[in-house]
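# Commentary on secondary and tertiary structure
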Amino acid sequence: MSDNAQLFLDSLWPIVEGAIKGTIPLALISFSLGLIIALIVALMRLSKSKVLSALARIYISIIRGTPLLVQLFVIFYGMPSVGITLDPWPSAIIAFSLNVGGYAAEVIRAAILSVPRGQWEAGYTIGMSQTQQLGRVILPQAARVSVPPLSNTFISLVKDSSLASLILVTETFRVSQEIAAFSQEFMLLYIEAALVYWVISTFLAFGQSMLEERLDRYVSK
Amino acid sequence: MSRNDANSGAGGNFGSQSQPGAMKRSDMNQGDVLFDVKGLSKSFGDLQVLKSIDLTVRKGQVSVLMGPSGSGKTTVLRSLNSLESPDGGTITFTGGPSFDFSKSQKKPERALLRDQSAMVFQQHNLFPHRTVLENVTEGPIHVQKTPKAQAIAEAEALLARVGLADKRDVYPFQLSGGQQQRVGIVRALALKPDVLLFDEPTSALDPELVGDVLAVMKELADEGWTMVVVTHEVTFARAVADQVVFMDGGVVLEASTPSQMFSNPRHRRTRQFLDRILNPLGE
Ligand SMILES: Nc1ncnc2c1ncn2[C@@H]1O[C@H](COP(=O)(O)OP(=O)(O)OP(=O)(O)O)[C@@H](O)[C@H]1O
Ligand SMILES: [Mg+2]
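So, here's what we can say about the structure. (Residues numbered from 1 in each chain as written. Chains lettered and ligands numbered in written order. Predicted model: local features only at pLDDT ≥ 70, side-chain atom pairs only at ≥ 80, totals over all residues. Heavy atoms only, no water.)

Below, the discussion takes up the overall build of chain A. Along the backbone of chain A there are eight helices and zero strands. Mapped in sequence order, the helices and strands of chain A form the string α-α-α-α-α-α-α-α. When each of the 221 residues of chain A is scored for burial, the buried share is 43%. Summarising the internal contacts of chain A: among those between residues at least 6 apart in sequence, 74% fall at separations of at least 24. Of the roughly 11,500 Å² that chain A leaves accessible, carbon and sulfur atoms contribute 69%. (Helix = DSSP H or I, 4+ residues; strand = E, 2+ residues; numbered from the N terminus. Buried < 20%, exposed > 50% of the residue type's maximum accessible area, 1.4 Å probe, protein only. Contact = heavy atoms within 4.5 Å. Areas by Shrake-Rupley, 256 points an atom, 1.4 Å probe, with all protein chains shown as cover.)

The subject of this paragraph is the packing of helix α1 (residues 3-46) of chain A against helix α2 (residues 50-65) of chain A. All names here are of chain A. The N-to-C vectors of α1 and α2 enclose an angle of 130 degrees; their axes lie 7 Å apart at closest approach. One way to sum up the angle between α1 and α2 is to call them oblique. Remark: the crossing between α1 and α2 carries left-handed chirality. Here I37, V41, M44 and R45 of α1 come into contact with α2, specifically with L52, S53, L55, A56, R57, Y59 and I60. Split into classes, the residues belonging to the contact of α1 with α2 amount to eight nonpolar, one polar and two charged. (Axes fitted to C-alpha atoms, helices over the stretch in contact; angles between N-to-C directions. Parallel < 35°, antiparallel > 145°, perpendicular 65-115°, else oblique. Left-handed = near helix turned anticlockwise from the far one by under 90°. Nonpolar A, V, L, I, M, F, W, Y, C, P; charged D, E, K, R; others polar.)

This paragraph deals with the sheet that holds strand β3 (residues 62-66) of chain B. Residue and element names in this part refer to chain B. Strand order in the open sheet formed by six strands is β6-β7-β8-β3-β9-β10, and the pairing between neighbours is mixed. In the strand order of this sheet, the two ends are held by β6 (117-120) and β10 (251-256), each with one partner. Sheet twist, expressed as the average angle between the axes of neighbouring strands with direction ignored, equals 20 degrees. In terms of strand pairing, β3 meets strand β9 (residues 243-248) through four bridges, oriented parallel. (Pairing = 2+ DSSP bridges.)

With that settled, the discussion passes to the site of ligand 1. Residues and elements named next belong to chain B. Taken together, F44, L47, V49, P68, S69, G70, S71, G72, K73, T74, T75 and E200 form the complete shell of residues around ligand 1. Measuring from an oxygen atom of ligand 1, one finds a backbone N or O atom of S71 at 3.2 Å. Residue G72 places a main-chain N or O atom 2.9 Å away from an oxygen atom belonging to ligand 1. For ligand 1, whose unbound accessible area comes to 630 Å², protein coverage reaches 60%. For the shell around ligand 1, the secondary-structure elements that each account for two or more residues are β2 (47-58) and α1 (73-80). If you tally residues by element for the shell around ligand 1, the top one is α1, at three residues. (Near = heavy atom within 4 Å. Polar contact = N/O pair within 3.5 Å; in protein donor to acceptor, adjacent residues only side chain to side chain.)

A word on the interface of chain A and chain B. In this complex, chain A contributes 21 residues to the contact, which on the side of chain B involves 29 residues. Interface area, chain A with chain B, both sides summed: about 2,100 Å², of which 54% is carbon and sulfur. Our enumeration of links across chain A and chain B arrives at two salt bridges. If you look at where chain A meets chain B, you find 15 residue pairs in polar contact (both at pLDDT 80 or more). Of all elements in the fold, only α5 (117-125) and α6 (130-160) of chain A reach the threshold of two or more residues within the side of chain A that touches chain B. Take the side of chain A that touches chain B: its biggest share by element is eight residues, from α5(A). Of the residues in the side of chain A that touches chain B, the class split is eight nonpolar, nine polar and four charged. (Buried area = accessible area lost by both parts, 1.4 Å probe. Salt bridge = Lys/Arg side-chain N within 4 Å of Asp/Glu carboxyl O.)

The subject of this paragraph is the nonpolar core. Residues F35(B), M66(B) and M227(B) are the most contacted members of the largest nonpolar core, which totals 128 residues. Here the element with the most residues in this core is helix α4 (residues 88-114) of chain A; it accounts for eleven residues. (Core = buried A, V, L, I, M, F, W, Y, C linked by side-chain atoms within 4.5 Å.)

Next up on the list: the packing of helix α5 (residues 177-189) of chain B against helix α6 (residues 207-222) of chain B. Residues and elements named next belong to chain B. Closest axis-to-axis distance for the α5/α6 pair is 8 Å, and the angle between their directions is 20 degrees. Comparing the axis directions of α5 and α6 gives the class roughly parallel. Crossing handedness for the pair α5 and α6: right-handed. For the pair α5 and α6, the contacting residues are G177, G178, Q181, R182, I185 and L189 in the first and L209, D212, V213, V216, M217 and L220 in the second. Here the residues of the contact of α5 with α6 are counted per class, giving seven nonpolar, three polar and two charged.

As structure tokens, then:
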């Protein structure tokens, strides 16, 4: 076996381990927290209160108007100067969750608005509270339309989580960087990392279409 | 005040129950005044849509609202179900709550008014993500906290009554318009409201599907449900209505029995309107 092939095989497990212990949990946790933030921000944005709606608007504008890498650096390298020092993992999770929150909020808001007003009224007339109307009538229908854009957000997050390597989180890309620096085989190791991201993204895209199919069972084709 | 004391003494096939001695309202007889609307008014911005509407609805009776487009029929119905907040006027239920819209209504008051009735919408507004059975049991189980088995049994019985027993597990999109509307009616019935409200329940349907829906409504009327129906189906009004209310420009021009209304309307506007719907080509 050639040296390169051997290096490829030897480094495969450490890199995959970086995905399993780094990239994947980082993305899953950040995405879940991000969705919660997004739902709250979307509801603030839709609320009658001008203050809440304005706050939500400002938040979304800042998140979408600044680079994710800068957001990450502000939290990890910037916060210590105001007395808040966070470890790499919490910093990454906070930055990514806030980022997803900003992007997904607009997706969720649009999805909620896409549900006809008559659905709110049907829930109201059968006696539902506002929370029930939202939880039992509106969000399940909004979920269907928001799966494709939210899947894109999630897949982007998986790839963007490689930025966490810059604040010292051990994940797919950082592992491959370390092996590359040691072995000087940059091309091989970076392509190997790319391959791992690609496999994860492909799985996610597959999951997306299964989910879409499931949620489409109640609409005419 | 729960919806469950509704329609006591009314036939009972569609799930209306009698609860002897439960509440004062359950001692009411068919034909007693169930609620009285006085001076109901509502503006959207500068547009005054309802200008002091008076309406008396008696227990077990069918009131048909007619009138030109934009005359405010839907707004009256939506106000009764608290889907709209009127600016003024009162609604008083005999032996029940009363509402004064000149004071602002808080959420619990609005909910209380809402709970007196249930709406059947023109576009049915079924929940597309729930099966037929789930649509019908949603209110009983998740709002009224009826035990699940009981709610399902009652829903199945109601669905059977409208000829949809075999559709319990399909989604609304798999039904015809007429079937969807019948499910819409059953969803409202399952709540056992004191009043059923219908807003042009057949006007979005293909002509051959209208009959099935009207037949169900006629059966409900025969069983003694109190109904307020916006419709231009004159045949239905003639056969089923106890009173026909003619609205124009946000006021009630006249209210009378169907025979009086259709044979000898008092107002020129009423006559013109009826001429037009009875004889659309003007021959
Ligand atoms: N939410 C709203 N905002 C502004 N104007 C409204 C609103 N709802 C109704 N209107 C107006 O109020 C008037 C009465 O409407 P309504 O729907 O009650 O009439 P209708 O008698 O039911 O008419 P149709 O026979 O066409 O259904 C119309 O001029 C309508 O445009
Ligand atoms: Mg109308």
